[in-house]
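These are the residues of each chain, in order.
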Amino acid sequence: MSMNTQGRPTRADGAALSDTPTFTGNKALQIEEALSFEIGDVARTGVDLAEPTGGAHRLGGLHRDSDIGLPGLTEPETMRHFVRLSQKNFAIDMGPFPLGSCTMKHNPRLNEKVARLPGFGDLHPLAPQSAVQGALELIDRLAFWLKELTGMPAVAMSPKAGAHGELCGMMAIKSALDARGEGSKRTRVLAPESAHGTNPATAVQCGFTVEPIPADSTGRVDLGALKEKLSDDIAGIMVTNPNTCGLFERDIRAIADAVHEAGGYFYCDGANFNAIAGKVRPGDLGIDAMHINLHKTFSTPHGGGGPGSGPTVLSDALAPFAPVPYVVHENGVFHLVETRRAAKAETSGADSMGRLTAFHGQMGMFVRALAYMMSHGVDGVRQAAEDAVLNANYVLARLKTEMTPAFDGFCMHEALFDDRFLEGTGVETIDFAKAMIDEGYHPMTMYFPLVVHGAMLIEPTESESKRELDLFCNALLSLAKRAKAGEVEPFKAAPIYAPRRRLDETAAARNPVLKWRPEAQAAE
Ligand SMILES: *Cc1c(COP(=O)(O)O)cnc(C)c1O
C-alpha cells in the first residue's frame, strides 16, 4: 500500500477496489439505503393503535375510499432510514464546502441556541402585536444594523432569498419609474456577462429586456462599453460587487454616476457582501437597491434549498415603494405597517409594491443573523471579511503553482481558475470536480462565471483554518499533478468511492423521476 503526502493510504487501483460487490450493496459503513416504499409494506404498520371509532366527518362529505398507500416500518427501521438519509447529505458541518459565490460558512452554534429559545422558536406569525413586541424589536434592530453596515436609509426585510430580494429591488425600480411616468419608456436593464443567472431572470420577470455588458481584460465591467449602451430608455443596471470573478469593481462609482446621469437606477447584487462587510458601505458607492443574503454573509444555515433570507436595502429614491409589512417604532411601541393604504399615509402618497410574502420574512434567520452580528461586533464582522479575503488569496497563491488563475492579481473572497492547466490532459473541469468528491470535498462552483473557460470558483470563507486550507490545497495540487501526468481514467471514472458514481445530471434535470411507482420498479 502506498501513502500520500498526508501519510494516508492510497491505492492506484482504487477503481477496481471500489467495484468489489457486496451482497448488501453496502460499502463498509456506507450503507445502501432503499426508499421507504421498498423496505416498508403498505399492509403493515409500525404502530399498534386501535382503529379510531366515532368521530364526525368534517370535510363536507368528502372521504377517502381507497387505501392511503403509505409503507409501514418499525420504529427502528424508520429512525435508521431517516438518519441514513441525513448522512447522505454533505454539509458544512462535515467538511469544507468551497462552493464559490455561495459563502458556505460555519453556522455558529450560539445562533442555533438563541433561535431555539421558546420566545423565538414558538412564535406564531398571527400572534397579536402586543404579545410579540420583543420579536418586532428584533426585526427592527436587525434592520438598523443592516442599514448601518450598508449605509442605506431603508431596508425591506421580507424577501426570502437572494433572488426574491432582487425581485423586490427591481419591482421598486419599476414602481419608481412608473411614478415618474417613465415606466413604459424605460425598459432596458444592463447586466454583466458574468452575472449570476438570477439577475437577468429577475429583470425579465419584471418585464424588462436584458442586455449584457462585456467584461474587460481584468474581469471587470468594461466602463466604455457600458456607457455606450446608456440612453433614455435605460431602466437600470444590475451589477454584483465584488463580482462573480471574485474581483472588486474599481469603477463602481463611475458606473453609478453614469447610470444615474442617464436616468436609471443601480441594483447591486449583494450576495458577495461577505468580502466587504464592515469595510465598504454600498450606500457610499451610489447604489439604489441591494439584497443581502443572510444565509451567506450572516451565517444562517443554507444548502439543500433553504431556508434563505434576502433583506433588500433601498435608497431614498426607492424606499417609498418598499413592500409591506414593515416594522415602525413609535412612542416606545413597535407596530407593523401592513397595508398599502397605511404605507401610503406614512410615505406621503407613494405607492408600496404591496406584499411579497404572507408574513414578515424568515424570523428564524433574523434571530440567527442578529446573534451573529452581536456576537461578532463591528470589528468582528470586519475581521470576518478580511479573513475571508485572506483565505481566498492563500488558496489562490498556493494553487497557482499547478492551476491557472483566470485573472492576474489578488482576489476578494473567492479565487477563480480556468481550465488552461488541464489543456491537453484529456481531463476537463467536470472530471476534476468529480475527483474532488473522492478526496472528501464538495466540488467548487464549476462552469460559472461564464466569462471564463471551464471555470472553477473556490470560496473557502473565513471558517477554514490554515490546517484545513493546506489539506484542501494539497489535495487539489495532487489532483492537478496527476491530471498532468496523464492519469485520465480515474478522473473520467470519478467519483469512484461515491455509492452512485457519476450521474447523468443533464438527464436527471431534463427527465426528473419524482414519483415512485411499483410498476416502474418492476419494468427495470
Ligand atoms: C447566491 C446568489 C444569488 C441568489 O441568492 P439565492 O438566495 O440563492 O436566491 C444571486 N446572486 C449571486 C451572485 C449569488 O451568489
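That block above? That's the structure.
Residues numbered from 1 in each chain as written. Predicted model: local features only at pLDDT ≥ 70, side-chain atom pairs only at ≥ 80, totals over all residues. Heavy atoms only, no water.

Enquirer: Explain the packing of aromatic side chains here, please?
Expert: Two measures describe an aromatic ring pair: the distance that separates the ring centres and the angle between the ring planes. Tallied over the full model, the rule gives seven aromatic pairs. Consider the rings of F298 and Y372, whose centres lie 6.0 Å apart with planes at 80 degrees: the pair is edge-to-face. Pair noted here: F298 is in the loop between β8 (289-291) and β9 (312-314) and Y372 is in helix α12 (residues 363-399), with a separation of 74 residues, a long-range link. When sorted by exposure, F298 lands in the same class as Y372, which is buried. The interplanar angle of 85 degrees and the centroid separation of 5.4 Å between the aromatic rings of F421 and F432 together place this pair among those described as edge-to-face. With F421 in the loop between β13 (415-418) and α13 (429-438) and F432 in helix α13, this pair connects stretches of sequence that are 11 residues apart. When sorted by exposure, F421 lands in the same class as F432, which is buried. Each residue in the set F421, F432 and F491 is aromatic and connected to the rest through ring pairs, giving one cluster. (Phe/Tyr/Trp six-rings, centres within 6.5 Å; stacked < 30°, edge-to-face > 60°. Helix = DSSP H or I, 4+ residues; strand = E, 2+ residues; numbered from the N terminus. Buried < 20%, exposed > 50% of the residue type's maximum accessible area, 1.4 Å probe, protein only.)

Enquirer: What is the right way to look at the site of the ligand in this model?
Expert: Residues in close proximity to the ligand total 13 residues, the closest being S101, G162, D269, H295 and K296. At a separation of 2.8 Å, an oxygen atom of the ligand approaches a polar backbone atom of A163. In the model, a nitrogen atom of the ligand is placed 2.5 Å from a nitrogen or oxygen of the D269 side chain. Considered on its own, the ligand offers 380 Å² of accessible surface; in the complex 86% of this is hidden by protein. A per-element tally of the shell around the ligand places helix α7 (residues 162-179) first, with three residues. (Near = heavy atom within 4 Å. Polar contact = N/O pair within 3.5 Å; in protein donor to acceptor, adjacent residues only side chain to side chain. Areas by Shrake-Rupley, 256 points an atom, 1.4 Å probe, with all protein chains shown as cover.)

Enquirer: Would you take a moment to explain the nonpolar core for this structure?
Expert: Soluble globular proteins tend to pack their nonpolar side chains together in the buried interior. Within the largest apolar cluster, 55 residues are counted, with the highest numbers of intra-cluster contacts made by L142, L146, I237 and F298. Ranked by residues supplied to this core, first place goes to α12 with 10 residues. L142 has contacts with M157, L294, F366, A369, L370 and M373, leaving out every residue within four places of it along the chain. A392, L396, A435 and I458 belong to the second-largest nonpolar core, a separate cluster that totals 30 residues. (Core = buried A, V, L, I, M, F, W, Y, C linked by side-chain atoms within 4.5 Å. Contact = heavy atoms within 4.5 Å.)

Enquirer: Quick question: what am I supposed to make of α13 here?
Expert: Because each turn of an α-helix spans 3.6 residues, side chains separated by three or four positions end up pointing in the same direction. Among the 10 residues of α13, seven are classified as buried, and the element is accordingly described as predominantly covered. Buried residues of α13: T429, D431, F432, A433, K434, A435 and M436, and no others. Two residues or fewer past α13, G440 is found with a positive phi of approximately 90 degrees.

Enquirer: Would you mind showing me how to read the packing of α7 against helix α8 (residues 198-205) here?
Expert: Axis angle and axis distance: for two packed helices, these are the angle between their axes and the distance between the axes, and together they describe the pair. Interhelical geometry of α7 versus α8 gives an angle of 40 degrees and a closest axis separation of 9 Å. Looking at the two axes, α7 sits oblique to α8. Here the hand of the crossing between α7 and α8 comes out right-handed. Packed against α7, whose contacting residues are A163, E166, L167 and M170, the element α8 presents T198, N199, T202, A203 and Q205 at the interface. For the contact of α7 with α8, the residue count by class is four nonpolar, four polar and one charged. (Axes fitted to C-alpha atoms, helices over the stretch in contact; angles between N-to-C directions. Parallel < 35°, antiparallel > 145°, perpendicular 65-115°, else oblique. Left-handed = near helix turned anticlockwise from the far one by under 90°. Nonpolar A, V, L, I, M, F, W, Y, C, P; charged D, E, K, R; others polar.)

Enquirer: When you look at the pairing of strand β6 (residues 234-240) in this model, what are you seeing that I'm missing?
Expert: Within a regular strand, side chains alternate between the sheet's two faces. Along β6, seven of the seven residues are buried, which leaves the element largely enclosed by surrounding structure. Strand direction decides the pairing type here: strand β4 (residues 188-192) and β6, joined by three bridges, are parallel. Bridge pairing in β6 places R188 opposite I234. Alignment of β6 against strand β7 (residues 265-269), held across five bridges, turns out to be parallel. The partner of G236 across the bridge, within β7, is Y265. (Pairing = 2+ DSSP bridges.)

Enquirer: In this structure, what is going on with the sheet that holds strand β14 (residues 445-446)? I would like to understand it.
Expert: Either a parallel or an antiparallel arrangement is found when strands of a sheet pair, and the pairing is made through backbone hydrogen bonds. A sheet is described by the order of its strands in space; here four strands give the open sequence β12-β13-β15-β14, paired in antiparallel fashion. Edge strands, defined here as strands with exactly one partner in the open sheet, are β12 (404-405) and β14. In this fold α12 packs onto β12, β13 and β15 (456-458), with an angle of close to 30 degrees to the strand it touches most, β13.

Enquirer: I would appreciate a short explanation of the pairing of β4 in the present structure.
Expert: Most of β4 sits out of view: five of its five residues are buried. Across the two faces of β4 the burial is the same, with R188, L190 and P192 and V189 and A191 all buried. Pairing between β4 and strand β5 (residues 209-213): five bridges, direction parallel. Paired with L190 across the two strands is E211, which belongs to β5. As for the winding sense of the linkage, the β-α-β connection from β4 through α8 to β5 is right-handed. (Right-handed = clockwise from strand over helix to strand, strands pointing away.)

Enquirer: How do you make sense of the sheet that holds β5 when you look at a structure like this?
Expert: The seven strands are arranged β3-β9-β8-β7-β6-β4-β5 in an open sheet whose pairing can be described as mixed. Two strands in the sheet have a free side with no partner beyond their single neighbour: β3 (154-156) and β5. Going from strand to strand, the sheet's axes swing by 25 degrees on average, the running direction of each strand aside. Sheet contacts for α7: β3, β4, β6, β7, β8 and β9; angle to β7, the most-contacted strand, approximately 175 degrees.

Enquirer: Honestly, the packing of helix α6 (residues 133-150) against α12 in this entry has me stumped. Any pointers?
Expert: Close contact between α6 and α12 brings their axes to 10 Å; oriented N to C, the two are set at 45 degrees. When the interaxial angle is binned, α6 and α12 end up oblique. As for the relative orientation of α6 and α12, their crossing is left-handed in sense. Contacts between α6 and α12 involve A135, L138, I139, R141, L142, W145, L146 and L149 from the former and M363, F366, V367, A369, L370, M373, M374, V378 and V381 from the latter. Its residues assigned to classes, the contact of α6 with α12 shows 16 nonpolar, no polar and one charged.

Enquirer: Can you walk me through the side chain of N293 in this structure?
Expert: With respect to the helices and strands, N293 occurs in the loop between β8 and β9. Side-chain polar atoms of N293 contact the side chain of H291, separated by 2.9 Å. When neighbours within four sequence positions are excluded, N293 is seen to be in contact with G162, G270, A271, F298 and S309.

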